[in-house]
Amino acid sequence: MAQEISGIHHITAIASDPQRTLDFYTDVLGLRLVKLTVNFDDPGTYHFYFADAEGQPGTILTFFPWPGARPGQPGNGQVSAVAFSIPPDALDYWQDRLRTHGVSPSAIHQRFEEAVLPLRDPDGLQLELVAHEEAPSLPAWDGGPVPAERAIRGFHHAALWESDAEGTAQLLTETFGFRPVGDHGGRLRFAAQESPGRLVDVVNRPDGEAGIMGAGAVHHIAWRTPDDEQQQEWRRTLIGLGYGVTPVKDRQYFHSIYFREPGGVLFEIATDPPGFTLDESPDELGTHLKLPPWLEESRSRIEEALPDLSLPSGNEP
């Protein structure tokens, strides 16, 4: 097909404590809370969106923070790690910052000739900060606690764990239009067009156990498409290839379709528009609990059921 997936749109994970998750990603990692809303399929829980200044695709990490959620277990059929780009000269800063905030990162190591600083979030989600030469040219959020010159610049890559990488690699290259760009000891790297979020690693683990969904696990990964028309074309194409694809879901800030790739990872294809400024100005992003029109009539009941939150500095209404 003529169209191609241009990169990662967003990644969504599960957490067990709303306040702790909010504090970690804003106060420690310095991401911006660009949208405070609820899980549209389960409005009794929040849905947090963390990103760059305006929530551009390729920078968006989202969470369903179910209080008391059981721990997940990483394994095959899951996104096993979420990696962010940082400027190459920011590694020492981040090591010091993490330790100051009580986070113990693992040792820096090299992968594909880049330095990688691994760490885990409070629920054990595997994160990585990658010293990436393209990072300084990407926009940075300059309104948070991290200086703009050291700040995270969106996704570097996501890593998929697979029991048999062949089918996933075929989908990425022959259907999505990704290019193979490296092989690091069984870790295959593929690249799309757009940064941030143009890289994905497929890790072959033929003897690995299947992952268990829960807190600290990634729920799904979403890929970018520019508009509704191309999303419909993707839906027709994938159904023609034998995938079970959902109808289009209205997620207010984008439209989505979902399916399982050959290894079992839940994939989403999400439209770039309408974006997070649909119902808040750029300066107001993340300052109010926003609900879609079909949930507004239940606002009082929803607000009563949600846990109280202390919003980060700059996000108070």
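Structure: above.
Peer 1: Is there a simple way to explain unusual backbone geometry in this structure?
Peer 2: Phi is mostly negative for residues that are not glycine, and the peptide bonds are mostly trans. Cis geometry marks the peptide bond from Ser195 to Pro196, where omega comes out at 0°. One can find Pro196 in the loop between β11 (187-191) and β12 (199-204). Omega for the bond connecting Pro273 with Pro274 falls within 30 degrees of zero, at 10°, which places this linkage in the cis form. By the secondary structure assignment, Pro274 is in the loop between β16 (266-271) and α5 (293-296). Of note in the backbone geometry, Phe112 takes a positive phi value of approximately 50° without being a glycine. Structurally, the position occupied by Phe112 is in the loop between β6 (109-111) and β7 (114-120). Positive phi, normally seen in glycine, also occurs at Gln252, with a value near 70°. Its location among the elements puts Gln252 in the loop between β14 (249-250) and β15 (255-260). You can call Gln252 buried: its relative accessible area is 12%.

Peer 1: Would you explain the pattern of salt bridges in this entry?
Peer 2: Side chains bearing opposite charge may pair, as long as their charged atoms lie close to each other. For the structure on display, the rule yields 13 salt bridges. Of the charged contacts in the structure, one is a salt bridge between Glu280 and Lys35, with a shortest N-O distance of 2.7 Å. With Glu280 in the loop between β16 and α5 and Lys35 in strand β2 (residues 32-39), this pair connects stretches of sequence that are 245 residues apart. Classification of Glu280 by relative accessible area gives buried; the value is 4%. The closest approach of N and O atoms between Glu128 and Arg111, which form a salt bridge, is 3.0 Å. With Glu128 in strand β8 (residues 126-131) and Arg111 in strand β6, the pair connects residues that are 17 residues apart, well separated along the chain.

Procedures and definitions
- Here the residue numbers are simple positions, counted from 1 along each chain's written sequence.
- For a predicted model such as this one, the threshold for reporting local features is a pLDDT of at least 70, and the threshold for listing and counting side-chain atom pairs is 80 or more; totals across whole chains, interfaces and linings nevertheless cover every residue.
- Note: side-chain values were computed over all heavy atoms of the structure, leaving out hydrogens and water.
- Helix and strand labels come from DSSP, where a helix needs a run of H or I of at least four residues and a strand needs a run of E of at least two; each type is numbered from the N terminus.
- Categorising residues by exposure relies on relative accessible area from a 1.4 Å probe, with only protein chains included: less than 20% of the type maximum marks a residue as buried, more than 50% marks it as exposed, and the intermediate range marks it as partly exposed.
- Throughout this description, the term salt bridge denotes a Lys or Arg side-chain nitrogen within 4 Å of a carboxyl oxygen of Asp or Glu.

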